[in-house]
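Examination of the molecular architecture
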Amino acid sequence: MKRRKFIGKNNAVSGVIEALLLVALVSIILATIQLVYIPRIMEEKELDHMNEVEKQFSYLKSTIDIQSMTKEKVLISSPITLGSKELPYFVTMGAAGQIDLCDQNDVGECKIKIIPAPTFNPIHTEFDNGINLTSIKYEAHNSYIADYKYILEGGGIIAKKTSEEMMVKPSIIVEDTSDTKITIYYSLPFFSSSPGRKVDSSGYGNPDKTVFIRTNYSTYYTSSNNNINSIQISTNYPDAWNQSLIKNNSGLLWEYYQNGDINVVRDDSQSPPLIEITPGNKNIDLELTVVKIGVQVGPGIVRN
């Protein structure tokens, strides 16, 4: 009988090892992408969304300015994208957001108070104790960058990130009308809404939802006030307001504040903080127009 000898081969074992090494290599590459590059991509994605919302808020302000100027009862819808989606095929989280209208019933003590109190034409008693500082607010709940807020208040756009700034200043014009007097012209939007039409939010199930803020002109009130003693702005965003008024070389009142023609004092001991404008070397006249704008965030119709 012949004896047969079997010799083992390593080809199959080496193939399995190569496959395991390839799997390990792919896993390392995917892990590196997930841990290093995906967060950067998501940061850029959320920053792009914030830039988009910034442009949309600028469009909303321009729409309200046009409605205030033309005083035509035309309904206009302005889009706001609430959030951004997660990235497919990777472990990521989307961003969500919320739109909230703070009308005269929600602002608390945030208001603009003029002393002596102005008399409006037509006569209107709602503003006897000051004009409520109504606002439209967008709040982002981001996953990879800091949360953002954009607030349309007093006719200006406030951006709040780690700090706050007045991105677009209110509709205020200041003129030297004589050697002893300056005149401030201010067109102030005043937002009102029906109950249940003031909030729209997006959860993570539908983060890229776009809502439409519907606005329409309602009515307006004017007042001419000579020799103003004080203009008091009570706001939750004193940094932004103070910056818009007296920031070096760019504030609306900087030239007159620097020359001592008017005084601007900030008082953080008040709740909410108070910014007060008073006469300095010159008297202050105020030409004020309060424009009522109907606003609706939820679906349905806008009522005057």
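Further up the page is the structure itself.
Read on for an overview of the structure.

Definitions and cut-offs
Residues numbered from 1 in each chain as written. Predicted model: local features only at pLDDT ≥ 70, side-chain atom pairs only at ≥ 80, totals over all residues. Heavy atoms only, no water. Salt bridge = Lys/Arg side-chain N within 4 Å of Asp/Glu carboxyl O. Helix = DSSP H or I, 4+ residues; strand = E, 2+ residues; numbered from the N terminus. Buried < 20%, exposed > 50% of the residue type's maximum accessible area, 1.4 Å probe, protein only. Pairing = 2+ DSSP bridges.

Regarding the pattern of salt bridges
If you walk through the whole model with that rule in mind, you get six salt bridges. Across the salt bridge formed by Lys181 and Asp285, the nearest N and O atoms sit 3.3 Å from each other. Of this pair, Lys181 sits in strand β10 (residues 181–192) while Asp285 sits in strand β16 (residues 283–296), placing them 104 residues apart in sequence. Take Lys181: its relative accessible area is 23%, and that puts it in the partly exposed class. We note a salt bridge from Arg266 to Asp239, for which the minimum N-O separation is 2.6 Å. Of this pair, Arg266 sits in strand β14 (residues 262–267) while Asp239 sits in helix α2 (residues 238–246), and the two are 27 residues apart along the sequence. Residues joined in a network through salt bridges with shared partners are Asp239, Arg266 and Asp268.

Considering the pairing of β16
Within β16, eleven of the 14 residues are buried, which leaves the element mostly enclosed by the surrounding structure. Sheet topology places β10 next to β16; twelve bridges connect them, and they run parallel. When the sheet's bridge partners are listed, Pro189 is paired in β16 with Val291. When strand β12 (residues 210–225) meets β16, the two strands line up antiparallel, connected through eleven bridges. Residue pairing for β16: Tyr221 is matched across the bridge by Val290.

Looking at the sheet that holds β14
As summarised here, the arrangement of the five strands in space is β4-β3-β13-β15-β14, forming an open sheet in which the pairing is antiparallel. In this open sheet, the two edge strands, each paired with only one partner strand, are β4 (131–132) and β14. Relative to β4, strand β3 (residues 111–115) is paired through two bridges, and the arrangement is antiparallel. Pairing of Ile112 across the sheet is with Ile131, part of β4.

As for the pairing of strand β5 (residues 135–141)
Counting buried residues in β5 gives five out of seven residues, a clear majority hidden from the surface. Inspection of the sheet shows β5 paired to strand β6 (residues 149–153) by five bridges, in the antiparallel sense. Among the inter-strand pairings, Glu139 is bridged to a residue of β6, identified as Lys149.

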